[in-house]
Number of protein chains: 2
Amino acid sequence: MKNNFRSGCPIASTLDIIGDKWSLLILRDMLFHHKTTFKEFSSSDEQIAPGILSSRLKLLISYELITKQKLEHNKKENIYLLTEKAIELSSILIDISIWGDKHLRELNKIDDIEGLDLERSVIISTVKQRYYSMVQNIKIIK
Amino acid sequence: MKNNFRSGCPIASTLDIIGDKWSLLILRDMLFHHKTTFKEFSSSDEQIAPGILSSRLKLLISYELITKQKLEHNKKENIYLLTEKAIELSSILIDISIWGDKHLRELNKIDDIEGLDLERSVIISTVKQRYYSMVQNIKIIK
DNA sequence: ACAATTACTACTAAAACAGTAGTAATAAAT
DNA sequence: ATTTATTACTACTGTTTTAGTAGTAATTGT
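Residues numbered from 1 in each chain as written. Chains lettered and ligands numbered in written order. Predicted model: local features only at pLDDT ≥ 70, side-chain atom pairs only at ≥ 80, totals over all residues. Heavy atoms only, no water.

Enquirer: What should I look at first to understand the packing of helix α1 (residues 10-18) of chain A against helix α2 (residues 23-31) of chain B in this one?
Expert: The geometry of a pair of packed helices is captured by two quantities: the angle between their axes and the separation between those axes. In the contact formed by α1 of chain A and α2 of chain B, the axes pass within 10 Å of each other and the chain directions differ by 170°. Considered as vectors, α1 of chain A and α2 of chain B are oriented roughly antiparallel to each other. Two secondary-structure elements touch here, α1 of chain A through Ile-11, Ala-12 and Leu-15 of chain A and α2 of chain B through Leu-24, Leu-25 and Arg-28 of chain B. When the residues that make up the contact of α1 of chain A with α2 of chain B are grouped by side-chain class, the tally is five nonpolar, no polar and one charged. (Axes fitted to C-alpha atoms, helices over the stretch in contact; angles between N-to-C directions. Helix = DSSP H or I, 4+ residues; strand = E, 2+ residues; numbered from the N terminus. Parallel < 35°, antiparallel > 145°, perpendicular 65-115°, else oblique. Contact = heavy atoms within 4.5 Å. Nonpolar A, V, L, I, M, F, W, Y, C, P; charged D, E, K, R; others polar.)

Enquirer: Looking at this model, I keep getting lost on the environment of Glu-40 of chain B. Mind explaining?
Expert: Residue and element names in this part refer to chain B. Relative to the assigned elements, Glu-40 resides in helix α3 (residues 38-42). When its relative accessible area of 30% is taken as the criterion, Glu-40 is described as partly exposed. On a C-alpha basis, the gap between Glu-40 and Ser-97 in space is 21 Å, while along the polypeptide they are 57 residues apart. (Buried < 20%, exposed > 50% of the residue type's maximum accessible area, 1.4 Å probe, protein only.)

Enquirer: Where do I start with the protein's contact with DNA strand D in this structure?
Expert: Around DNA strand D lies a shell of 20 residues, among which Trp-22 and Lys-75 of chain A together with Ser-54, Lys-76 and Tyr-80 of chain B are the nearest. In DNA strand D, the atoms that sit within 4 Å of the protein are 73% sugar and phosphate, with bases accounting for the remainder. Take Lys-21 of chain A: an N or O atom from its side chain is 2.8 Å from a phosphate oxygen of DNA strand D. The side chain of Lys-76 of chain B places a nitrogen or oxygen atom 2.6 Å from a base oxygen of DNA strand D. Of all the secondary structure elements, the ones that give two or more residues to the surface near DNA strand D are α4 (50-62) and β2 (74-82) of chain A together with α3, α4 (50-62) and β2 (74-82) of chain B. When residues in the surface near DNA strand D are grouped by element, the largest group, four residues, is from β2 of chain B. Among the residues forming the surface near DNA strand D, the class breakdown is seven nonpolar, four polar and nine charged. (Near = heavy atom within 4 Å. Polar contact = N/O pair within 3.5 Å; in protein donor to acceptor, adjacent residues only side chain to side chain.)

Enquirer: So what exactly am I meant to see when it comes to the protein's contact with DNA strand C here?
Expert: Taken together, the neighbourhood of DNA strand C is formed by 21 residues, with Ser-54, Lys-76 and Tyr-80 of chain A together with Trp-22 and Lys-75 of chain B sitting nearest. Close to the protein, within 4 Å, the atoms of DNA strand C are drawn from sugar and phosphate at a rate of 70%. Within the side chain of Lys-76 of chain A, an N or O atom sits 2.5 Å from a base oxygen of DNA strand C. Elements supplying a minimum of two residues to the surface near DNA strand C: α3 (38-42), α4 and β2 of chain A together with α4 and β2 of chain B. Looking at which element gives the most residues to the surface near DNA strand C, the answer is β2 of chain A, with four residues. Of the residues in the surface near DNA strand C, the class split is seven nonpolar, four polar and ten charged.

Enquirer: When you look at the interface of chain A and chain B in this model, what are you seeing that I'm missing?
Expert: For interface size, the figure often reported is the accessible area lost on association. With 49 residues of chain A at the interface, the matching set in chain B holds 49 residues. In total, chain A and chain B occlude about 4,300 Å² of area from one another, counting both sides; carbon and sulfur atoms represent 66% of this. The largest per-residue losses of area from chain A upon contact with chain B belong to Arg-6, Ile-11 and Trp-99 of chain A, which jointly make up 17% of the total buried on that side. Applying the counting criterion to the chain A and chain B interface returns four salt bridges. Across the pair Glu-88 of chain B and Lys-102 of chain A runs a salt bridge, and its minimum N-O distance is 2.8 Å. The interface formed by chain A and chain B holds 22 residue pairs in polar contact (both at pLDDT 80 or more) in total. At the level of elements, α1, α2 (23-31) and α6 (90-103) of chain A are the ones that each hand at least two residues to the side of chain A that touches chain B. Here the side of chain A that touches chain B takes eleven residues from α6 of chain A, the largest share from any one element. Split by residue class, the side of chain A that touches chain B holds 22 nonpolar, eleven polar and 16 charged. (Buried area = accessible area lost by both parts, 1.4 Å probe. Salt bridge = Lys/Arg side-chain N within 4 Å of Asp/Glu carboxyl O.)

This is the structure in C-alpha cells:
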C-alpha cells in the first residue's frame, strides 16, 4: 500500500502509520475490549463508517499490525487479531488513556476506566496477558 | 473552539485533541528541539503548511497545551511555550519514538535518536528537565 | 425455503489538508 | 532616514481524506 513517510523521524513515521483518526481506536477495541470482527468494530461508541473501517483494516494488515483469519466451522465471519508488533503499542495506548483521564475532565465527560489507578507496568502486563489468553481460546483455521 | 468529542473514552477524547496529522509533531519540536517560533515550526523536515500550522497553534492554545507570549526587546516574534499539561505528554511522545525506532526500520529509513537506548524513565526526566532549563533562560514579558 | 446476519462496496457530501501567493508589522542594513 | 529583509501570519484554490447512507453477495439461522 502507500509508503510515503513524511520524514525519517520515528515519531512522524509512527504517526504516518497509526496517526489517523481511527487506527488507534480499532487497536483499542481489539486490545482492551477483545473485539475481533468487522461487526464489533462497527458497534463502538464512536461510530466508524464502514468504508473507513474497511480501508483502515486493510492498511493495518499491510503494516502487519493485525491479521485476518477464519474461525473453524464459520465461513462467514472474519477474525482480526493483533500481531506482537501491535501488542507492543499497549504502553502508548495506556499512557494516552492515563493522560486523557487526568487532563480532559474539564473539556469532556470522561468514562471511568477500571484499574487505571494501578501502577503503569501492572496495567500493561495485565492487558497483554488477558489478550494472549483470549487468543488462546479461539480456534482459527491454519 | 470546537468541542465535539466522539465519546467519553479517554483515548478517543485525547485523540480528538491531539490525534490529527500535525499536533504531536509541533509538540515534539517544542519538547525535544526547543523550538518556540512560527518560523522554527515551519522549518521542520515534515514541511507543515503555514495555514495548517496557524490553525493548529490556535487549537493547542485553546486546549491550554501551549501559550503564546512575547520576548522582551522584540515586538515581532511570538514565542510559543508548552504548559505543564503538554509536558506531561512527554511519556507518550517517547513511547511513540521508541516503538517507531524498533518497528519501522523495514518500512522507512529511520533517523537514529541519541539517548533512546537509555531507560525510559531516565529519558523522560531528562527531556523534561532540559525543557524547564530552556524556559528559565528566556526573558518573556509578563 | 425464507429471513437475518455479516462483511463488506459504492456513492455523494462535507471537512481537512497541501501549496502557493500575498500582506502588515517590525527589525536590520545602508 | 530609507530601503531591504524577516516574521507571522491570512487568503485562496485544488486535492485528498473522512462522513454518512444505501446497497449487495455470501453465509447462517429458523
